[in-house]
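Listed here are the chains, written in short residue letters.
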Amino acid sequence: MKGKHAKDTDKLPTKVLSIINQKGGVGKTTTAINLSAILGSMGYKILLIDLDPQGNTTSGIGVDKRSLDQCIYDVLLADVNAKDVLLKDVQENVDLLPATINLAGAEVELVTEFSRESRLKEAIEKFIGKYDYIFIDCPPSLGLLTVNGLVAADSLIIPIQSEFYALEGVTKLLESMKLVKARLNKDLDIFGVLITMYDGRTTLSKQVAQEVRDYFGELVFETIIPRSVKLSEAPSYGEPISTYQPDSKGAKAYAALAEEVIDRG
């Protein structure tokens with residue numbers, strides 16, 4: 001998929017973006033997969049990191065988790081070199097640090113580890129300069145895995161679904177972000193807020209979208225991700241929407257989002 005921002009420049013500084021919301025089912029994984037795949041198809045070099053024990057990013061981009069001997073868990077807790085866990089070209093120009101169910105024990109095991117909050121940051125330092133974008137799909141919680149995602153990132157993409165109570169819990173997320181910014185990552189900021197699962201036929205979706213824009217202002221992306229059966233189906237086929245149904249509304253929305261991400265630098 002080539003857009004007006006198809007990559008034609010020399011090496012860009014690596015941008016590390018954590019995709020985060022403590023609520024589940026808001027489109028974090030969908031965004032991680034599709035943004036990575038579309039930017040990859042435009043010529044940008046992408047590293048996608050699955051930091052969620054459910055491993056939905058790993059399976060959703062076409063990797064059989066049962067076939068993996070190692071995953072991001074081994075990088076965080078067994079001192080395995082991230083390069084040895086890396087899966088190359090899972091999509092065009094997209095490499096993956098995968099997750100398996102083994103990661104479920106990491107929250108407890110990290111508690112007693114030295115530099116427990118910065119394990120991921122240290123592990124991916126060797127990749128800085130080798131990729132244009134590093135996307136981290138964080139779990140739906142504010143535990144130590146998510147803290148690792150906050151410490152490793154330059155900034156955050158926060159998907160918020162256009163449903164009742166959409167902003168509930170976001171305050172806690174922002175408080176956690178401020179704590180990490182004050183103590184562990186002074187440069188951390190919000191890169192963008194993404195409205196997802198939008199149904200333009202309903203008054204509720206319109207109201208929630210307006211609430212999100214009122215709350216976050218210019219941080220909100222212009223692009224809105226629609227509620228879409230095709231977007232929901234694509235991961236079960238191990239494909240991003242851009243290859244599963246390239247002419248769908250979901251594919252066009254994520255293509256537009258990719259252009260906005262590039263524009264924001």
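Summary of the structure given here.

Calculation criteria
- Residues numbered from 1 in each chain as written.
- Predicted model: local features only at pLDDT ≥ 70, side-chain atom pairs only at ≥ 80, totals over all residues.
- Heavy atoms only, no water.
- Helix = DSSP H or I, 4+ residues; strand = E, 2+ residues; numbered from the N terminus.
- Rg over C-alpha atoms; globule rule 2.2 N^0.38 Å.
- Buried < 20%, exposed > 50% of the residue type's maximum accessible area, 1.4 Å probe, protein only.
- Contact = heavy atoms within 4.5 Å.
- Areas by Shrake-Rupley, 256 points an atom, 1.4 Å probe, with all protein chains shown as cover.
- Lys, Arg positive; Asp, Glu negative; His and termini not counted.
- Charge placed at Lys NZ, Arg CZ, Asp CG, Glu CD.
- Pairing = 2+ DSSP bridges.
- Core = buried A, V, L, I, M, F, W, Y, C linked by side-chain atoms within 4.5 Å.
- Polar contact = N/O pair within 3.5 Å; in protein donor to acceptor, adjacent residues only side chain to side chain.
- Axes fitted to C-alpha atoms, helices over the stretch in contact; angles between N-to-C directions.

### Considerations on the overall build of the protein chain
Within the protein chain, the secondary structure is distributed over 12 helices and eight strands. In terms of C-alpha radius of gyration, the protein chain reaches 17 Å, essentially the compact-globule figure of 18 Å for 265 residues. Taken along its principal axes, the extent of the C-alpha atoms in the protein chain is 50 × 35 × 35 Å. Counting all 265 residues of the protein chain, 54% fall into the buried class. For the protein chain, contacts bridging at least 24 residues in sequence account for 79% of all contacts bridging at least 6. Within the structure as shown, the protein chain displays about 11,800 Å² of accessible surface, and the carbon and sulfur contribution to it stands at 50%. Here the protein chain contributes 30 positive and 37 negative side-chain charges, whose respective centroids are spaced 2 Å apart.

### Some points on the pairing of strand β3 (residues 87-91)
Note: β3 against strand β4 (residues 94-97), two bridges, orientation antiparallel. Note on β4: the bridge partner recorded for Q91 is V94. Where β3 hands over to β4, the hairpin turn is made up of two residues, of which N93 adopts a positive phi near 65°.

### Here we look at the environment of I19
Its place among the elements puts I19 in strand β1 (residues 15-19). What makes I19 buried here is its relative accessible area of 0%. Spatially, the C-alpha atoms of I19 and S115 are 22 Å apart, while their sequence positions differ by 96 residues. Not counting the four nearest positions on each side in its chain, I19 is found in contact with K28, T31, A32, F135, I136, D137, C138, I157 and P159.

### Side note on the nonpolar core
If you look at the biggest cluster of nonpolar residues, it comprises 54 residues, and the most contacted ones within it are I72 and L97. At six residues, helix α7 (residues 144-152) tops the list of elements feeding residues into this core. Setting aside chain neighbours within four positions, we find L97 in contact with L47, L48, I49, D50, I72, A82, V85, L86, I124 and F127. Core analysis: the next-biggest nonpolar cluster, separate from the first, contains 36 residues, I19, Y133, F135 and A234 among them.

### What about the side chain of N148?
Position of N148 among the secondary structure elements: in helix α7. The class of N148 is buried, set by a relative accessible area of 0%. Of note is the side chain of N148, whose polar atom sits 3.0 Å from the backbone nitrogen of L120. With residues near it in sequence (within four places) discarded, N148 still touches L110, R116, E117, S118, R119 and L120.

### Re the sheet that holds β4
One open sheet holds the eight strands; their spatial order is β3-β4-β2-β5-β1-β6-β7-β8, and the pairing between them is mixed. In this open sheet, the two strands that pair with only one neighbour each are β3 and β8 (220-226). If you compare each strand with its neighbour and ignore which way they point, the axes differ by 30° on average. Strand contacts of helix α1 (residues 28-41): β1, β2 (46-50), β4, β5 (133-137), β6 (155-161) and β7 (189-198), with the helix running at about 160° to β5, the strand carrying the most contacts. Where α7 meets the sheet, it contacts β1, β5 and β6, and its direction lies at approximately 150° from that of β1.

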